[in-house]
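The chain contents come next:
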Amino acid sequence: MDAGNHDYVATPVALRELPERPAGLAGRGDELDAVLAALAPGPHQTQTEGGLVCAPPGMGTSSLLLAAGHEALRRGWYHRAVYVDATGPTRVEPARLLDAVLRALDVPPAHIGTSLAERFGLYRTELGVAADLGQPVLVVVDQLTDVEQLGNLLPGPGGNCLLASASGPVPGTPTARVRQHYLDPLSVEDRERVLQAALRIAGTDDVRIATDSAGRRALAQACGGSPLAVRIAAALLEVETGTGPADIADELAERVAAWEETTVPAAAVAPTLDSDPTADSHVHRDCVLTGSDRSWPAREPELRACLSAACARLAADQAEALHMIARAPGVAISTRAVAALDGRSHGEILPLLRELARLHLVQPQQSGWLTMHPRVRSFARTQLGGVSDRRWAQAEGRLLRYYTRAAREAAVRSASGGGPAGMGAAPTDAPETTAQHAEEARAWLAAERRTLVAATLRARDTGHTDVAVQLPGHLARFLDDNRYVEDWVTIAEIASSSAVAAGEPRDVATALNHYAAALARASRTSEAITAYERACALLGELDLPTQEAWSRERLGAALLRTKEAERAAEELERSRELYQERGERFRQAACADRLGVALTRAQRTPEAVTAHREASDLFAELDRPANEAGARDRLGTALLRCGSAGAAVDHLRRARELYRTLGDATNESAVGERLGTALWRGASAADAATVLEETCTHYRTAGAGYREAVTRDRLGRVYTSMEYFERAMQAHRRACTLFAELGEAGREAAAQDRLGYVCSRLGHYDTAISAYQRAQHLFRELGDSPAVAACSNRLGSVLLTAHQYPEALAAHEVALAHLSVEREEPHRAVAAHGRGLALHHLGRRDEAIAAMEDARRGYAAVGDHAGAERAEESLRQLRQVIPQSWPTHTQDPGPCWSVARATFRAGRSCFSGGCPPCPRVGILPMRISGPCVGRETAGD
């Protein structure tokens, strides 16, 4: 059975820079100028997004794209260019194209999402950042097939540009955004120039083309307008040293005449852009498309004649090799793979390949790989015979076994086995291959990735079940590490179905594990859980405890992602027990650590502490400092949740020391945040402040603005609890500035609220008022009515102290308006109390008394007897003769302090039970605790 390339999964290849510039581009000067005109910066730059070059295969679109890209870079129009080859017999999904482009743009694979929307958003963001920095990018994509691909690659406005090719017109192309250019066949004069250039590039001293103008013209007419055909014709002349151009032309004419096919009528040929009455003269610039709407058959006989003439000059073994290369899976093939396919040594196959390359039947690439033009591949597959079915089956088997051996060796060399023994790990007795070092092995896997994926599909379709099961296992770790999610899912599914068809339970379990892992990486968690459950059941029946433990551990991790913490804990506990029984202490420790996470999420924190402690101790015994640091960090956090701040401090300090020893500044800083919290909760505020100051410095040095802002805000709360209000004010100010720059409105609102409190304690009432007003505005924009009300109450208290009574009245009325909806009675009573005081100072005694009565009833309704007594005392004072001026902050504050204390009491209830403090607790006047200055919980 010959599966051909129809089973090939299109996986594009991306390069961070353009491939080498074509050696010659004779005959396409006008077309190159037209494409460059679309790429050139100019007034239309804010409108267009690129260009598309359309032409049938063999017309030179790839060479034109590379020549235009290199010239645009040479002229300084773009800071850099990236290249994606989407060539293949099947369509490349837009999500895969974007994945390839993002990798070429140096986006870390771990940051690339799995959905098309995520990738498109990241693509636009990356290009937008480059444009903002004045470093526009040219994205070059060879061989698009439809408008969906095109639309998802348009870079948007800003100076970036897409330059793409297509093998024909792309229906639906947005002409207002994309400038299309169609390539016509070369004219006879251009063909003559290409013939001369081809012989010159070949380095020969052949003068037959230069001196025989009639023969040159005849050969140019006979070979047709495809640049590929013209180059093959030149190669034929180079090979036939005793033959003139006219003789080659006669031969080609005879072969064309023998071909009983008709060409496409002229009426079927669409006009070029210049003559198209529907073309828009105001075109977008950030995409350039190059192509032609001429169908392939219009020039097929001449190219077929050239291919036939070239193949006629091959020896039998050369023709056989060409035919087998054309039938091999994938788009590219290495010279060593060709040797395996043909059954010869690598040294014996190289001269043969050089002869094929001389005739332009294969195209050598860097580092020992070669490709074949799609038209050459089609011709060699269908027109060259001589290879029996048996001979081909043997060759195909050799090739697939070679790929399996080489992938296994590369997996070993690059430490990419994929799991414990029996779970797809590469065996340690792998035969020797060319992958001698880890870096070379990874480079080999990257270069062969597309071909190995295609080989897996071919193995499935041709009945090579052993290869279809084993090869995906060797590739699993590499594909996972480099986030080639779609490829991994594809081949893992093939391995699973092939193993099931073969009926070997152990292979089925192995394949199911890899398939489940791929599904989990693709965020198809429900399907992953089902596959893991099947694998666990099979491994249990087969009595393979180590593999079962690995599967249950992965199943537990998948269940955690679906928030099924209890089920996850059960699976992880069983996995831990199996590892312990087998004496696999490292896996036991890792599983215990993950079990602790599951138990924490299941609200079983004391058990989580036990699990994390087991993991920490085991990692310490095994001398695995990185793992121990993570486990101790999680142990300290769990202890904090249990209220054991002192014990938490010890483990967090150890984690911090380990990360410092490892040079891991990021995790050292993260643990420093939690250590500061633990010290603060453990009544060591001074030590907490020291640790948090160091952490802030680390974050500032690393440019981690958000984490610095969070830590500064926390540091301000620590200083507030120590009544170091000047330092607290500086910390909160820095936090507010950073949050504002980052657009973190919620965080900024809370930080402004706290800044207002410390400023009021310092007597900086104007600054406090400004901070509270900013916080109030942000809370209102966020739609957080309770926070608006609480902040307004504190603002009103400061305004009362600053003798700004109309503003204080307005603030407390805002609080009442928001609290009446939320029915938060404690805060409502406080707001009524403050409103009464403001009304009194404004001389509105009756309204003040009514407000105080509302406050008294509110306090009584929530059982706040002390608050009710304060409101009653205020009422008694209001009903007596009241002084015209209110005491200043240096005197006895009188009833104003009743509001302060009541606000504080209402706010303290938010965290009196041990839950994280919120930004609306506390009060603003002096000597009274403000918002969120209580001891933090572990989760804050």
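Residues numbered from 1 in each chain as written. Predicted model: local features only at pLDDT ≥ 70, side-chain atom pairs only at ≥ 80, totals over all residues. Heavy atoms only, no water.

Concerning the packing of aromatic side chains
Under the counting rule described, the total for this entry stands at five aromatic pairs. Centroid distance Tyr 719 to Tyr 724: 6.3 Å. Interplanar angle 25°. Geometry classified as stacked. On the basis of relative accessible area, Tyr 724 is assigned to the partly exposed category, the value being 39%. The ring centre of Tyr 484 lies 3.9 Å from the NZ or CZ of Arg 103, which sits over that ring. Of note, Arg 449 hangs over the ring of Tyr 484, and the distance from its end group to the ring centre comes to 3.9 Å. (Phe/Tyr/Trp six-rings, centres within 6.5 Å; stacked < 30°, edge-to-face > 60°. Buried < 20%, exposed > 50% of the residue type's maximum accessible area, 1.4 Å probe, protein only. Lys NZ or Arg CZ within 6 Å of the ring centre and 35° of its normal.)

Brief notes about the pairing of strand E5 (residues 161-166)
By the criterion of burial, E5 is predominantly enclosed, with six of the six residues buried. Residues of E5 alternate between two faces, with Cys 161, Leu 163 and Ser 165 on one and Leu 162, Ala 164 and Ala 166 on the opposite face, all of them buried. Pairing of strand E4 (residues 137-144) with E5 involves five bridges; the strand directions are parallel. Paired with Val 141 across the strands is Ala 164, a residue of E5. (Helix = DSSP H or I, 4+ residues; strand = E, 2+ residues; numbered from the N terminus. Pairing = 2+ DSSP bridges.)

Concerning the pairing of E4
For E4, a buried count of eight out of eight residues is recorded, marking the element as mostly surrounded by other parts of the structure. Taken together, the six bridges between strand E3 (residues 80-85) and E4 define a ladder with parallel strand orientation. Within E4, the residue paired with Val 84 across the bridge is Val 141. As a crossover connection, the stretch from E4 through helix H5 (residues 147-153) into E5 is right-handed. (Right-handed = clockwise from strand over helix to strand, strands pointing away.)

Examining the side chain of Arg 552
Turning to its location among the elements, Arg 552 is positioned in helix H22 (residues 545-561). A distance of 2.7 Å separates the side chain of Arg 552 from the side chain of Glu 571, its partner in a polar contact. What Arg 552 contacts, discounting residues up to four positions off in sequence, is Cys 536, Glu 571, Arg 574, Ser 575 and Leu 578. (Polar contact = N/O pair within 3.5 Å; in protein donor to acceptor, adjacent residues only side chain to side chain. Contact = heavy atoms within 4.5 Å.)

Re the environment of Glu 493
Structurally, the position occupied by Glu 493 is in helix H19 (residues 485-502). Separated by 25 residues in the primary sequence, Glu 493 and Ala 468 place their C-alpha atoms 10.0 Å from one another.

Section: the environment of Val 710
You can see Val 710 is positioned in helix H30 (residues 705-721). Sequence separation between Val 710 and Ala 735 is 25 residues; the distance between their C-alpha atoms is 6.8 Å. Ignoring sequence-local partners within four residues, the contact set of Val 710 consists of Glu 673, Phe 739 and Arg 747.

A look at the sheet that holds strand E10 (residues 369-371)
One open sheet accounts for three strands, arranged E8-E10-E9; its pairing is antiparallel. One side of each edge strand has no neighbouring strand; the edge strands of this open sheet are strand E8 (332-334) and strand E9 (363-364). In this structure, E8 lies alongside E10, joined through three bridges in antiparallel fashion. Considered in E10, the bridge of Ile 333 is made with Leu 370.

Observations concerning the UniProt feature "coiled-coil region" (unreviewed entry) in the protein
When the UniProt feature table is mapped onto this chain numbering, "coiled-coil region" (unreviewed entry) sits at residues 555-589. In this annotation, residues 555-589 is assigned 86% helix and 0% strand; the end-to-end C-alpha distance for the span is 17 Å. (UniProt positions renumbered as here; feature names shortened; annotations may be inferred.)

Some remarks on the nonpolar core
In terms of nonpolar packing, the biggest core is built from 121 residues, with Leu 252, Leu 322, Leu 356, Leu 361 and Trp 444 touching the most fellow members. When sequence neighbours within four positions are dropped, the list of residues in contact with Trp 444 reads Trp 369, Tyr 402, Tyr 403, Ala 406, Ala 407, Ala 410 and Leu 452. If you look at the next biggest cluster of nonpolar residues, it comprises 71 residues, including Ala 638, Leu 658, Val 798 and Leu 809. (Core = buried A, V, L, I, M, F, W, Y, C linked by side-chain atoms within 4.5 Å.)

A short note on helix H18 (residues 465-481)
Count 3.6 residues to each turn of an α-helix, and residues three or four apart come out pointing the same way. Between its terminal C-alpha atoms H18 stretches 26 Å, which fits the 24 Å expected from 17 residues at 1.5 Å a residue. Along its length, H18 shows its largest kink, about 40°, at Leu 475. The inward-facing, buried residues of H18 contact helix H16 (389-413), helix H17 (438-461), H19 and helix H20 (505-521). A positive phi of about 60° marks Arg 483, the residue just after H18. (Expected span 1.5 Å × (residues − 1). Bend = angle between axes of the 7 residues up to and from the residue.)

Here we look at the packing of helix H26 (residues 625-641) against helix H27 (residues 645-662)
In contact at an axis separation of 8 Å, H26 and H27 are set at 155° when each is read in the N-to-C sense. Here H26 is positioned roughly antiparallel relative to H27, judged by the angle of their axes. Every pair of crossing elements has a handedness; the one defined by H26 and H27 is left-handed. Residues Pro 625, Ala 626, Glu 628, Ala 629, Gly 630, Arg 632, Asp 633, Leu 635, Gly 636, Thr 637, Leu 639 and Leu 640 of H26 pack against Ala 645, Ala 647, Ala 648, His 651, Leu 652, Arg 654, Ala 655, Leu 658, Tyr 659 and Leu 662 of H27. (Axes fitted to C-alpha atoms, helices over the stretch in contact; angles between N-to-C directions. Parallel < 35°, antiparallel > 145°, perpendicular 65-115°, else oblique. Left-handed = near helix turned anticlockwise from the far one by under 90°.)

A short note on the packing of H16 against H18
As a packed pair, H16 and H18 sit with axes 9 Å apart at the nearest point and diverge in direction by 25°. One finds that H16 runs roughly parallel with respect to H18. For the element pair H16 and H18, the recorded crossing hand is left-handed. Note on element contacts: H18 touches H16 through Val 467, Gln 470, Leu 471, His 474 and Leu 475, opposite Leu 400, Tyr 403, Thr 404, Ala 407, Arg 408 and Ala 411. Along the lines of polarity and charge, the residues of the contact of H16 with H18 split into seven nonpolar, three polar and one charged. (Nonpolar A, V, L, I, M, F, W, Y, C, P; charged D, E, K, R; others polar.)

What about helix H12 (residues 316-327)?
Taking 1.5 Å of rise per residue, 12 residues should cover 16 Å, and H12 covers 17 Å from first to last C-alpha, within 8% of that figure. Most of H12 sits out of view: 10 of its 12 residues are buried. Every buried residue belonging to H12 is among Gln 318, Ala 319, Glu 320, Ala 321, Leu 322, His 323, Met 324, Ile 325, Ala 326 and Arg 327, and all of these are buried.

Thoughts on unusual backbone geometry
We note that Asp 106 has phi near 70°; this positive angle belongs to a residue other than glycine. Mapped onto the secondary structure, Asp 106 falls in the loop between helix H3 (94-104) and helix H4 (116-132). Positive phi, close to 65°, is recorded for His 360, a residue that is not glycine. With respect to the element layout, His 360 can be found in the loop between helix H14 (346-358) and E9.

Thoughts on the pattern of salt bridges
Once their charged atoms are close, side chains differing in charge can pair, the charge on each being opposite to the other. On inspection of all chains with the given rule, the structure shows 64 salt bridges. A salt bridge links Arg 91 to Asp 146, with the nearest nitrogen and oxygen atoms 2.2 Å apart. One end of the pair, Arg 91, is in the loop between E3 and H3; the other, Asp 146, is in the loop between E4 and H5, with 55 residues separating them in the sequence. Linked through salt bridges whose partners overlap, the residues forming this network are Asp 317, Glu 320, Asp 342, Arg 344 and Arg 391. (Salt bridge = Lys/Arg side-chain N within 4 Å of Asp/Glu carboxyl O.)

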